[in-house]
Amino acid sequence: MTKLCILNIVGLTQKLLRHAPNLAAMGNHRPWTSPVPAVTCTSQATMLTGLAPRDHGVVGNGWLYRDTQEIRFWQQARTLVEGDVFYDRYKTAKMFWWFNQSTTAKYGATPKPHYGCDGSKVFDILDWSGCNLTDRLGPFPFFGFWGPAAGIASSEWIAKATAIVMREKQPQLTLCYLPHLDYDFQRLPDHDPARVAEVDAAAAKVIEAAGEIGAQVVVVSEYGLVPVDTPVGINQVLRRNEWLKVRRGPFGEIMLPGESDAFAVSDHQLAHVYVRRPELIPTVRKTLEETPGVASVVSPGDLQLDHPRSGELIALAKPNAWFTYYYWLDDANAPDFARTVDIHRKPGYDPCELFMTSKLRAAGRLAQKKAGLRYKMDVIPLDPTLVRGSHGVLPAHHSDGPLVIGPGEPPENMQDFPSYVEQLLAPSS
């Protein structure tokens, strides 16, 4: 039986590949074209289905759920991806790739905390690998997966876990997601080769296991990160024009999507702009086009995003800019979750969660937690100028964008990836 391991090295580009000898040795490499937005959920859905976002429906890392008027990010249900995924047809291990709940993958693991009725949260993973991964490797390092302490620890854990599953279960197809380059490349404008070397060393653990079970390795990345220096408060623009509505309360201001004539769901360098009243669309569009940092405002169909989940308009940032989700006009009125790591409550992506206001304050909050007291980990700054890297629009140069490495002729477009995988997995004649 032919076996294949697909390593997803987030943020890897052709420029960076020379610092990753283990990954570079996996075959021929070429840049490939991602969908827009070039973000994790959309890119992965395109790779796995071969469909454009208009067809698979994953129009970003998050979007407005029109039936409930809720903005939700980072959902994990496989049922959100419309269309077939190629791993359905193989005995698969799916390690930390997204949309990994209710999946057909025979083996796998994915982040999934426990939530108490008092608001408490205990970090954990779902593990159906049959390998008792946390017993053998220790708890998954959630603080190394996202937040101010995000770093190599999470990618190393995932790599070790994947190697165990490959050796013991010998799946025909393995999908492994290593996010390490996503962190410092958003924190810093320069891409430190040391970070690439670190993820290359982690990937080597998976590559070694693949060799032991006779699996070919293919390497993919979802996007490349580019330096940015201009945060764009798109929701603040909409609010100043009295289109975006909020509710004031004891925990700060809360955005009201259902009562707003226009609001944006910000996702790195792209924003879905939802406009309730069709007659306002031209005015909203013109206002945003005149906003500094905005490159263009287009119709969803111009980017193959014409799906009911998309906004009525799509705003694209200039190459050095990105969109904040902030909708308050005074930090004193910011919602309490704004100063915490809270990826599911925020109505947009917040890279400021990679930074910390004070280690001393964080230590104090941890002491409260250990003492059994109510607390909130309010250590995230409200300073978007700290963010120095982003992604989402297609790069000006192929060398700054995502790549694919593998045998033969890897595809030039993510939509052609399923046919490439199936060719590699076809039985030898």
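Every value quoted in this text rests on a predicted model; they were computed, and no experiment measured them.

Scoring rules and cut-offs
- Residues numbered from 1 in each chain as written.
- Predicted model: local features only at pLDDT ≥ 70, side-chain atom pairs only at ≥ 80, totals over all residues.
- Heavy atoms only, no water.
- Helix = DSSP H or I, 4+ residues; strand = E, 2+ residues; numbered from the N terminus.
- Rg over C-alpha atoms; globule rule 2.2 N^0.38 Å.
- Buried < 20%, exposed > 50% of the residue type's maximum accessible area, 1.4 Å probe, protein only.
- Areas by Shrake-Rupley, 256 points an atom, 1.4 Å probe, with all protein chains shown as cover.
- Phe/Tyr/Trp six-rings, centres within 6.5 Å; stacked < 30°, edge-to-face > 60°.
- Lys NZ or Arg CZ within 6 Å of the ring centre and 35° of its normal.
- Domains from an automatic or database assignment.
- Contact = heavy atoms within 4.5 Å.
- Buried area = accessible area lost by both parts, 1.4 Å probe.
- Salt bridge = Lys/Arg side-chain N within 4 Å of Asp/Glu carboxyl O.
- Polar contact = N/O pair within 3.5 Å; in protein donor to acceptor, adjacent residues only side chain to side chain.
- Nonpolar A, V, L, I, M, F, W, Y, C, P; charged D, E, K, R; others polar.
- Pairing = 2+ DSSP bridges.
- Axes fitted to C-alpha atoms, helices over the stretch in contact; angles between N-to-C directions.
- Expected span 1.5 Å × (residues − 1).

Peer 1: Is there a simple way to explain the overall build of the protein chain in this structure?
Peer 2: Tallying secondary structure elements over the protein chain gives eleven helices and 22 strands in all. For 429 residues, the compact-globule formula gives about 22 Å, and the C-alpha radius of gyration of the protein chain, at 21 Å, lands near that figure. Expressed as a percentage of the 429 residues in the protein chain, the buried residues total 56%. When the accessible surface of the protein chain is totalled, it reaches about 17,500 Å², and 51% of it is carbon and sulfur.

Peer 1: It is not clear to me how the packing of aromatic side chains should be interpreted in this structure. Could you clarify?
Peer 2: Both the distance between ring centres and the angle between the ring planes are used here to describe each pair of aromatic rings. Here the structure, examined in full by the defined rule, presents 21 aromatic pairs. Between the aromatic rings of phenylalanine 263 and tyrosine 274, the centroid separation amounts to 5.3 Å while the plane-to-plane angle is 20 degrees, which identifies the pairing as stacked. With a gap of eleven residues between them, phenylalanine 263 in strand β16 (residues 262-267) and tyrosine 274 in strand β17 (residues 270-275) connect regions that are remote in the sequence. No difference in accessibility class separates phenylalanine 263 from tyrosine 274, as the two residues are buried. Between the NZ or CZ atom of arginine 72 and the centre of the ring of tyrosine 65, over which it lies, the distance is 5.2 Å.

Peer 1: Whenever I open this one, the domain arrangement of the protein chain confuses me. Can you help?
Peer 2: For interface size, the figure often reported is the accessible area lost on association. According to the domain assignment, the protein chain contains domain 1 (3-226 + 393-425) and domain 2 (230-387). When each unit is reduced to the centre of its C-alpha atoms, the spacing between domain 1 and domain 2 is 25 Å. Tallying the contact residues gives 35 residues for domain 1 and 43 residues for domain 2. At the boundary of domain 1 with domain 2, total buried surface from both sides reaches about 3,400 Å², with 57% on carbon and sulfur atoms. The largest per-residue losses of area from domain 1 upon contact with domain 2 belong to Arg54, Phe73 and Trp146, which jointly make up 20% of the total buried on that side. For the pair domain 1 and domain 2, the interface holds three salt bridges. The tally of links between domain 1 and domain 2 comes to 17 residue pairs in polar contact (both at pLDDT 80 or more). When the residues that make up the side of domain 1 that touches domain 2 are grouped by side-chain class, the tally is 20 nonpolar, ten polar and five charged.

Peer 1: Explain the pairing of strand β6 (residues 107-111) here, please?
Peer 2: For a regular strand, side chains alternate in direction, first toward one face of the sheet and then toward the other. Among the five residues that make up β6, five are buried, leaving the element largely enclosed by the rest of the structure. In the sheet, strand β5 (residues 92-95) pairs with β6 via three bridges, with the strands oriented parallel. Residue pairing across strands places methionine 95 opposite alanine 109, the latter belonging to β6. Bridging between β6 and strand β9 (residues 125-127) involves three bridges; their strand directions are antiparallel. Each bridged residue has a counterpart across the sheet, and for threonine 110 the counterpart in β9 is leucine 126.

Peer 1: How should I be thinking about the sheet that holds β9 in this particular structure?
Peer 2: Strands pair in a sheet through their backbones, by hydrogen bonds, and they do so in one of two ways: parallel or antiparallel. Strand order in the open sheet formed by eight strands is β2-β22-β11-β1-β10-β5-β6-β9, with mixed pairing between adjacent strands. What marks the edges here is a single partner per strand, and that holds for β2 (28-31) and β9. The mean angle between the axes of side-by-side strands here comes to 15 degrees, regardless of whether they run parallel or antiparallel. Helix-sheet contacts for helix α5 (residues 152-169) involve β1 (3-9), β5, β6, β9, β10 (173-178) and β11 (215-220), and the interaxial angle to β10 is about 170 degrees. Relative to the sheet, helix α11 (residues 417-425) contacts β1, β10, β11 and β22 (403-406), its axis offset from that of β1 by approximately 145 degrees.

Peer 1: It is not clear to me how the pairing of strand β19 (residues 313-317) should be interpreted in this structure. Could you clarify?
Peer 2: Extensive coverage of β19 is indicated by the burial of five of its five residues. Neither face of β19 is open: one carries Leu313, Ala315 and Ala317, the other Ile314 and Leu316, and all of them are buried. For strand β18 (residues 294-298) and β19, the ladder comprises four bridges, and the chain directions are antiparallel. Within the sheet, the bridge partner assigned to valine 297 lies in β19 and is alanine 315.

Peer 1: What exactly am I supposed to notice about α5 here?
Peer 2: Helical geometry note: an α-helix holds 3.6 residues per turn, so side chains three or four residues apart project in the same direction. Relative to the 26 Å expected for 18 residues at 1.5 Å per residue, α5 spans 26 Å between its end C-alpha atoms, a close match to the ideal helical length. Of all the residues in α5, the buried ones are Ser154, Ser155, Trp157, Ile158, Ala159, Ala161, Thr162, Ala163, Ile164, Val165 and Met166. Downstream of α5 by one or two residues, glutamine 170 has phi in the positive range, about 45 degrees.

Peer 1: Explain the environment of alanine 20 to me, please; I cannot follow it from the model alone.
Peer 2: Position of alanine 20 among the secondary structure elements: in the loop between β1 and α1 (21-24). Sequence separation between alanine 20 and alanine 204 is 184 residues; the distance between their C-alpha atoms is 9.8 Å. Among residues more than four places away in sequence, those in contact with alanine 20 are Val196 and Asp200.

Peer 1: What is the right way to look at the environment of threonine 385 in this model?
Peer 2: The topology assignment puts threonine 385 in the loop between α10 (359-370) and β21 (389-390). A distance of 2.5 Å separates the side chain of threonine 385 from the side chain of aspartate 383, its partner in a polar contact.

Peer 1: Just checking my understanding: could you explain the sheet that holds β17 for this structure?
Peer 2: Sheet architecture is open: four strands sit in the order β16-β17-β19-β18, paired in antiparallel fashion. Single-partner strands in this sheet number two, and they are β16 and β18. Sheet twist, expressed as the mean angle between neighbouring strand axes with direction ignored, is 20 degrees. On top of the sheet, helix α9 (residues 281-289) reaches β16, β17, β18 and β19; it is set at about 165 degrees to β18, its chief contact.

Peer 1: Quick question: what am I supposed to make of the pattern of salt bridges here?
Peer 2: Pairing between side chains becomes possible if they bear opposite charge and their charged atoms approach one another. Evaluated as defined, the whole model comprises 23 salt bridges. Arginine 187 is the partner of aspartate 184 in a salt bridge, and the nearest nitrogen-oxygen pair spans 2.8 Å. Taken together, the residues aspartate 184 and arginine 187, both in helix α6 (residues 181-187) and three residues apart, mark about one turn of the helix. Aspartate 184 sits in the buried class, given a relative accessible area of 19%.

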